[in-house]
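The chain contents come next:
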Amino acid sequence: MTRSASTAFKVIGITCVIALLILYFIIDPAESRFAPKCMVHLVTGWECPGCGSQRMIHALLHGDLAAAWHFNAMLLCMLPVVAVMLVAAALRTRMPKFYAIVNSVYVIVGLAIIIMLWGVVRNFI
Amino acid sequence: MDTDKTKIDENYDTSEKGNYGVEKEWADRLGIDFDPAKIPEPPRQDVQPEPPQFRPEPPKPPVQDPAWLPPMHPNGPMPPTYMVWSIIATILCCLPAGIVAIVYSSSVSSRYYARDYEGARRASERAEIWIIVSIVTGIIFNALYLPLSLLLPQ
């Protein structure tokens, strides 16, 4: 990918994220029928690790931390991690060592285990 | 002035006690051990100090990576693991395809650290493919489900 194309991609991505944040501030996913539904939850009836993300983001944008924790506690805790990983991904060529540390096998496997465990545990609590 | 100068010269006895006669006398009076050999030589004024010469800087020792950080490929950084996108695709779009993407993401990292750069690149491409599969599956599912749910009574 050329440099300008990469920049354009990043600009489009940031614009989309801001648009989604505004959308989720206005719309309450718990009330709206147009909010995307979780496939796993509809098919199996179990809560997947990401179920409640939209409601969590809506609650967080309205400053309701308790509700955000209630809807998806793991994702709430993971938001800073995701932010760090996004920064590392954006600066991959400029800071290759930082990227290699953030994306080391331990981190990836650890995150995968946390997500899977959360998917299991949240169905029992 | 002239008389004073000669007086000093007369008092300064160099013949008997050497050049440090006066000092020795005072040291004896004060009870200090006096050894002329210990007196540092005055700096020689006639020698010009060496002009500062340009010296090449000694080569700095290379920055040591911590032991747990494996060697970096000299030709480039780690291929993108798409780890964030794998996680986002897993929890927001389609769980099964997302898990496959996470497995490939970890494979990128482990292969790169094992110096299998070609394998890391391939795993990176597969991770990307599975992320796209996951997102597209989620979008298609919701595109099919939405009209259905609007028809159903709530």
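Conventions used here
- Residues numbered from 1 in each chain as written.
- Chains lettered and ligands numbered in written order.
- Predicted model: local features only at pLDDT ≥ 70, side-chain atom pairs only at ≥ 80, totals over all residues.
- Heavy atoms only, no water.
- Helix = DSSP H or I, 4+ residues; strand = E, 2+ residues; numbered from the N terminus.
- Expected span 1.5 Å × (residues − 1).
- Contact = heavy atoms within 4.5 Å.
- Buried area = accessible area lost by both parts, 1.4 Å probe.
- Salt bridge = Lys/Arg side-chain N within 4 Å of Asp/Glu carboxyl O.
- Polar contact = N/O pair within 3.5 Å; in protein donor to acceptor, adjacent residues only side chain to side chain.
- Nonpolar A, V, L, I, M, F, W, Y, C, P; charged D, E, K, R; others polar.
- Patch = residues over 30% accessible without salt bridge, like charges linked within 9 Å, V, L, I, M, F, W, Y side chains within 5 Å.
- Areas by Shrake-Rupley, 256 points an atom, 1.4 Å probe, with all protein chains shown as cover.
- Buried < 20%, exposed > 50% of the residue type's maximum accessible area, 1.4 Å probe, protein only.
- 1 Å grid on protein atoms, 1.4 Å probe; cavity = no way out; pocket = protein on both sides within 12 Å on 5 of 7 lines; lining within 4 Å.
- Points joined across faces, edges and corners; volume = space filled by probe spheres on them.
- pLDDT = per-residue confidence, 0-100.
- Core = buried A, V, L, I, M, F, W, Y, C linked by side-chain atoms within 4.5 Å.

Some remarks on helix 7 (residues 105-121) of chain A
Then comes step 1: Taking 1.5 Å as the rise per residue, helix 7 of chain A with 17 residues should run 24 Å; its terminal C-alpha atoms sit 24 Å apart, in good agreement.
Then comes step 2: The elements touched by buried residues of helix 7 of chain A are helix 5 (73-90) of chain A together with helix 3 (83-92) and helix 4 (95-113) of chain B.

Considerations on the interface of chain A and chain B
Then comes step 1: Each partner contributes to the interface: chain A provides 31 residues, whereas chain B provides 36 residues.
Then comes step 2: Regarding the contact of chain A and chain B, the summed buried area is about 3100 Å², with carbon and sulfur atoms giving 78% of it.
Then comes step 3: Here chain A and chain B share zero salt bridges between them.
Then comes step 4: In this assembly, chain A and chain B are joined by seven residue pairs in polar contact (both at pLDDT 80 or more).
Then comes step 5: For the side of chain A that touches chain B, the secondary structure elements donating two or more residues are helix 2 (39-44), helix 5, helix 6 (96-102) and helix 7 of chain A.
Then comes step 6: For the side of chain A that touches chain B, the element with the highest residue contribution is helix 7 of chain A, accounting for seven residues.
Then comes step 7: Considering only residue class, the side of chain A that touches chain B consists of 22 nonpolar, five polar and four charged.

A word on a nonpolar patch on the surface
All names here are of chain A.
Then comes step 1: Taken together, Ile14, Val17, Ile18, Leu20, Leu21, Ile22, Leu23, Phe25, Ile26, Ile27 and Leu61 make up a surface patch of nonpolar side chains, about 980 Å² in accessible area.
Then comes step 2: Element by element, the count of residues in the nonpolar patch is highest for helix 1 (residues 3-26), at nine residues.
Then comes step 3: Looking at the secondary structure, you find Ile14 in helix 1.
Then comes step 4: When its relative accessible area of 54% is taken as the criterion, Ile14 is described as exposed.

Concerning empty space enclosed by the protein
Then comes step 1: As enumerated under the stated definition, the model contains one cavity of 30 Å³ or more in all.
Then comes step 2: The computed volume of the largest cavity comes to approximately 30 Å³.
Then comes step 3: Surrounding the largest cavity, Met85, Ala89, Tyr99 and Asn103 of chain A together with Thr81, Tyr82, Met83, Val84 and Trp85 of chain B form its lining.
Then comes step 4: Elements represented by at least two residues in the lining of the largest cavity include exactly helix 5 of chain A together with helix 3 of chain B.
Then comes step 5: Among the residues forming the lining of the largest cavity, the class breakdown is seven nonpolar, two polar and no charged.

Description of the confidence of the model for chain A
Then comes step 1: With 98% of its residues at a pLDDT of 70 or more, chain A shows a mean pLDDT of 87.
Then comes step 2: Here helix 6 of chain A stands out as the element of chain A with the lowest mean pLDDT, 84, in contrast to helix 3 (residues 53-61) of chain A, whose mean of 91 is the highest.

Side note on the nonpolar core
Most often, soluble globular proteins keep nonpolar side chains buried together rather than apart.
Then comes step 1: Ranked by internal contacts, the top residues of the largest apolar core, which has 31 residues, are Met74, Met85, Leu111 and Ile115 of chain A together with Met78, Met83 and Ile87 of chain B.
Then comes step 2: For this core, the elements supplying multiple residues, two or more each, are helix 3, helix 4 (65-71), helix 5, helix 6 and helix 7 of chain A together with helix 3, helix 4 and helix 5 (117-151) of chain B.
Then comes step 3: Considering each element in turn, this core owes the most residues, eight residues, to helix 5 of chain A.
Then comes step 4: In contact with Ile87 of chain B, not counting residues within four places along its chain, are Leu111 and Ile115 of chain A together with Ile102 of chain B.

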